Amino acid sequence: MNRFARYALRIASLAVALGLWQLLTSQDIDLWLRFSQFPTVTDVAHTFADRLAGPDYWTDLTDSLTRILTGFLLAAVLGVATGVLVARSRLAEDLLGPVLEVVRPIPAIALVPVAILLFPSNEQGIVFITCTAAFFPVLVSTRHAVRALTPVWEEAVRTMGGGRWRVLGSVVLPGALPGVFGGLSVGIGVSWICVISAEMISGRYGVGYRTWQDYTVVDYPGVFVGMVTIGVLGWLTSTAVELLGRRLTRWLPRTAQGPAARPKAARSGAAPLPAATAGLKDSIRTRPEEARDEHLVRD
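In what follows, the accompanying structure is described. (Residues numbered from 1 in each chain as written. Predicted model: local features only at pLDDT ≥ 70, side-chain atom pairs only at ≥ 80, totals over all residues. Heavy atoms only, no water.)

**Overview of the packing of aromatic side chains**
As a reminder of what qualifies: Side-chain rings of Phe, Tyr and Trp, where Trp is taken by its six-membered ring, are said to pair if the distance between their centres is within 6.5 Å; with planes under 30 degrees apart they count as stacked, over 60 as edge-to-face, and otherwise as tilted. We call a residue buried when its accessible area falls under 20% of the maximum for its residue type, exposed when it is over 50%, and partly exposed in between, using a 1.4 Å probe and counting protein chains only.
In total, this model carries 8 aromatic pairs according to the counting rule given. Judged by centre distance (5.0 Å) and plane angle (80°), the rings of phenylalanine 135 and phenylalanine 136 are edge-to-face. By relative accessible area, phenylalanine 135 is classed as buried at 12%. By relative accessible area, phenylalanine 136 is classed as buried at 11%.

If you want it as structure tokens, here you go:
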């Protein structure tokens, strides 16, 4: 199936879902589920158009995006750094591991009272909750990805004279990237769940706050406008993380549509080297023995 056919199939599935929604709600069908209580697709579309014409919608959108991006970026940096540290250092694992494992099962939204007590403003508290929500998926994925690396890569770099930082930059970080971006993909979704919930509880602006306000005044089309907005924003940010991950892991063997498109390295069963390590290996192969040692000493 080509790309055009796949996109057409996706659009068709969305159109069928919207058509079924319109049919069930416009006909006031009540079986076991009460679709008569739902607004129709046309009602939601009209409300959406009215919101787009006003300034409040864009203010809420900007506030939510600012909170989610700030918290997620902090979680990405802290989660990757902590995951690598815990996976590579027994001392760090003994010091940080117990605290992290005790805090990790606590839902981030349950930290709202803690955020209210700790931070002087609701804005900082919401960013803290968003960061906490994404931090642990990134941490766990990074930790497992680093520990799963084959030791042959590190031994090869050390044999060639590479030090700790060369191992980190040439083996650990490139080799763990697929796992890291897996955690980032999960983290961005969890962040949206928690930032919307936090806005409903303690926010003054934002998509979550506006959705809850619409519910309290029984504006159900407005509630669905908020839900659609959250869904679209979550899909866009998740897609952005996935595309960035694919771009940074271009060196990985990928299957296109079937086994016939699989690269030779994947069919042979050999694990691919990270891009930085492969480049180091190729550069050393092209040099004589003496030049190789001198090159490594200079690095």
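**Focus on the packing of helix α6 (residues 122-147) against helix α8 (residues 164-202)**
Formally: Under this scheme, a helix contributes an axis fitted over its contacting stretch, all axes are lines through C-alpha atoms, and angles between N-to-C directions fall in the 0 to 180 degree range. Here a strand is any run of E in DSSP of at least two residues, a helix any run of H or I of at least four, and the numbering for each starts at the N terminus. For classification, angles of less than 35 degrees are called roughly parallel, those exceeding 145 degrees roughly antiparallel, those between 65 and 115 degrees roughly perpendicular, and all remaining angles oblique. In a left-handed crossing the near helix is turned counterclockwise from the far helix by less than a right angle, and in a right-handed crossing that turn is clockwise. All residues other than Ala, Val, Leu, Ile, Met, Phe, Trp, Tyr, Cys, Pro, Asp, Glu, Lys and Arg, Gly among them, are scored as polar; the first ten of these are nonpolar and the last four charged.
Remark: α6 packs on α8, axes separated minimally by 7 Å, with the N-to-C direction vectors making an angle of 155°. Regarding the angle of α6 to α8, the classification is roughly antiparallel. In this structure, the crossing between α6 and α8 has a hand that is right-handed. Residues that form the contact of α6 with α8 fall into these classes: 17 nonpolar, 10 polar and 1 charged.

**A word on the packing of helix α3 (residues 55-88) against α8**
Defined as follows: In this description, contact between two residues means that some pair of their heavy atoms is separated by no more than 4.5 Å.
At a minimum axis separation of 8 Å, α3 and α8 run at an interaxial angle of 140°. What the angle tells us is that α3 and α8 run oblique. For the element pair α3 and α8, the recorded crossing hand is right-handed. Packed against α3, whose contacting residues are Ser64, Leu65, Arg67, Ile68, Phe72, Ala76, Val80, Val84 and Arg88, the element α8 presents Val167, Leu168, Val172, Leu173, Val180, Leu184, Gly187, Ile188, Ser191, Trp192, Val195 and Glu199 at the interface.

Any functional reading would require information beyond the geometric quantities listed.
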